[in-house]
Amino acid sequence: MIVLKTVEELKKMRAAGRISQRALRLAGAAVEPGVTTLELDSIVRRYIEEQGATPSFLGYGGFPASACISVNEVVVHGIPSENCVLKQGDIVSIDVGAIFEGFHGDNAWTFPCGDISQEAQRLLDTTRESLFEGIKAAKAGNHIGDIGHAVQQYAELRSYSVVRDFTGHGVGAKLHEAPNVPNYGTPGRGPRLMPGMAIAIEPMINIGTHKVRVLRDKWTTVTADGKLSAHFEHTLAITPDGPVILTDAD
Ligand code: MG
């Protein structure tokens, strides 16, 4: 069931979104060679808790950290570790959620570590741009399939592939609510977008195959061919005046 939010509830989601965005930016600013992904996780947790909020991911389904940090061929759900030391040329996806006054914000960004290859930069640019193509399509009266189509077309025209096994989702009092928001789809298909819906759009785009596999830790998800993957995410509200990004710090 899709839960519509009141204007009052969307204000709370905006507050949660702002905390999530600031935590993400702080961690992103700390990405550099020699830093461990566990240190980035500590930055996220400390900031969120200082705001009187709670990291959405900590303990979610048993997840052991506050942020998912996914380096290079890791698509999503990388577990922060003191053994994962960033090096020059890595691309580092940080996915952060915070719950505040009963509502979640959820966002992700992929950061370059020092100088990265042109190939990696182009992947980051395309994935980020595909997120904003999806957001543009998230208008009341459109359908979920319009969002997926916009993301998919943008990425595939540039010869990248779109991960199928994970999708965006509704967000609210629960981190993951209906509907699923795939990054592929057919225009006009799927649930109709209505004012009061809050959704996370989160393209996961690969250089090679769209296929992924989950490692033995049951979280870490990597590309099947070991090639690079990028991930960008915002939580947004569908309003009569168009989509409004809730995970915005400004
Ligand atoms: Mg999400």
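Scroll up to find the structure this text is about.
What comes next concerns the included structure.

### Quick look at the packing of helix α3 (residues 118–136) against helix α4 (residues 144–157)
When two helices pack together, their arrangement is given by the angle between their axes and by how far apart the axes lie.
Then step 1. Interhelical geometry of α3 versus α4 gives an angle of 150 degrees and a closest axis separation of 8 Å. The angle between the axes of α3 and α4 places the two elements in the roughly antiparallel class. Of the two possible hands of crossing, α3 and α4 adopt the one that is right-handed. Where α3 approaches α4, its residues T126, E129, S130, E133 and G134 are matched on the opposing element by I147, A150, V151, Y154 and A155.
Then step 2. In terms of residue class, the contact of α3 with α4 is built from five nonpolar, three polar and two charged.

### Considerations on the coordination of the magnesium ion
Then step 1. At 2.2 to 2.3 Å from the magnesium ion lie its protein donor atoms, namely D106 (OD), H169 (NE2), E202 (OE) and E233 (OE).
Then step 2. Here the donor residues for the magnesium ion map to a single chain with the spacing D-x62-H-x32-E-x30-E. One end of the pair, H169, is in strand β7 (residues 168–170); the other, E202, is in the loop between β9 (198–201) and β10 (204–206), and 33 residues separate them in sequence.
Then step 3. By relative accessible area, H169 is classed as buried at 3%.
Then step 4. Note on E202: relative accessible area 6%, which makes it buried.

### A word on the pattern of salt bridges
Close approach of charged atoms lets side chains of opposite charge pair.
Then step 1. Within the structure shown, the criterion is met by seven salt bridges.
Then step 2. D125 is paired through a salt bridge with R128; the nearest N and O atoms lie 3.3 Å apart. Of this pair, D125 and R128 are both found in helix α3, three residues apart, which corresponds to roughly one turn of the helix.
Then step 3. Judged by relative accessible area, R128 falls into the partly exposed class, the value being 26%.

### Overview of the side chain of D106
Then step 1. As for its placement among the helices and strands, D106 is situated in strand β5 (residues 103–112).
Then step 2. In this structure D106 is buried but unpaired, with K5 as the nearest side chain of opposite charge at 12 Å.
Then step 3. A distance of 3.0 Å separates polar atoms of two side chains, one belonging to D106 and the other to H169.
Then step 4. When sequence neighbours within four positions are dropped, the list of residues in contact with D106 reads S20, F57, D95, V96, G97, H169, L175, A200, E233, H234, T235 and T247.

### Some words on the packing of aromatic side chains
Then step 1. Across all of its chains, the model carries two aromatic pairs by this definition.
Then step 2. Summarising the aromatic geometry, the rings of F63 and W219 are spaced 5.0 Å apart at their centres and angled 85 degrees between planes, so their arrangement reads as edge-to-face. Within this pair, whereas F63 is found in the loop between β1 (54–55) and β2 (67–71), its partner W219 is found in the loop between β11 (212–214) and β12 (221–223), the two being separated by 156 residues in sequence.
Then step 3. With centroids separated by 4.7 Å and ring planes inclined at 75 degrees, the aromatic side chains of W109 and F232 adopt a geometry described as edge-to-face. Taken together, the positions of W109 in strand β5 and F232 in the loop between β13 (229–231) and β14 (234–239) put the pair 123 residues apart, joining distant regions of the chain.
Then step 4. A cation sits over an aromatic face here: R158 above Y154, 3.7 Å from the ring centre.
Then step 5. Just above the ring of Y184 sits the side chain of R164; from NZ or CZ to the centre is 5.0 Å.

### Observations concerning the sheet that holds β13
Then step 1. Strand order in this open sheet of three strands is β6-β10-β13, and the pairing throughout is antiparallel. A strand with exactly one partner marks an edge of an open sheet, and here the two such strands are β6 (161–162) and β13.
Then step 2. Two strands pair when backbone bridges link them, and β6 and β10 are joined in this way by two bridges, in the antiparallel orientation. Bridging from a neighbouring strand, S161 pairs with N206 of β10.

What counts, and where the lines are drawn
Residues numbered from 1 in each chain as written. Predicted model: local features only at pLDDT ≥ 70, side-chain atom pairs only at ≥ 80, totals over all residues. Heavy atoms only, no water. Axes fitted to C-alpha atoms, helices over the stretch in contact; angles between N-to-C directions. Helix = DSSP H or I, 4+ residues; strand = E, 2+ residues; numbered from the N terminus. Parallel < 35°, antiparallel > 145°, perpendicular 65-115°, else oblique. Left-handed = near helix turned anticlockwise from the far one by under 90°. Contact = heavy atoms within 4.5 Å. Nonpolar A, V, L, I, M, F, W, Y, C, P; charged D, E, K, R; others polar. Donors = N, O, S within 2.8 Å, 3.2 Å for Na, K, Ca; no water. Buried < 20%, exposed > 50% of the residue type's maximum accessible area, 1.4 Å probe, protein only. Salt bridge = Lys/Arg side-chain N within 4 Å of Asp/Glu carboxyl O. Lys, Arg positive; Asp, Glu negative; His and termini not counted. Polar contact = N/O pair within 3.5 Å; in protein donor to acceptor, adjacent residues only side chain to side chain. Phe/Tyr/Trp six-rings, centres within 6.5 Å; stacked < 30°, edge-to-face > 60°. Lys NZ or Arg CZ within 6 Å of the ring centre and 35° of its normal. Pairing = 2+ DSSP bridges.

On their own, these measurements won't tell you what the molecule is for.
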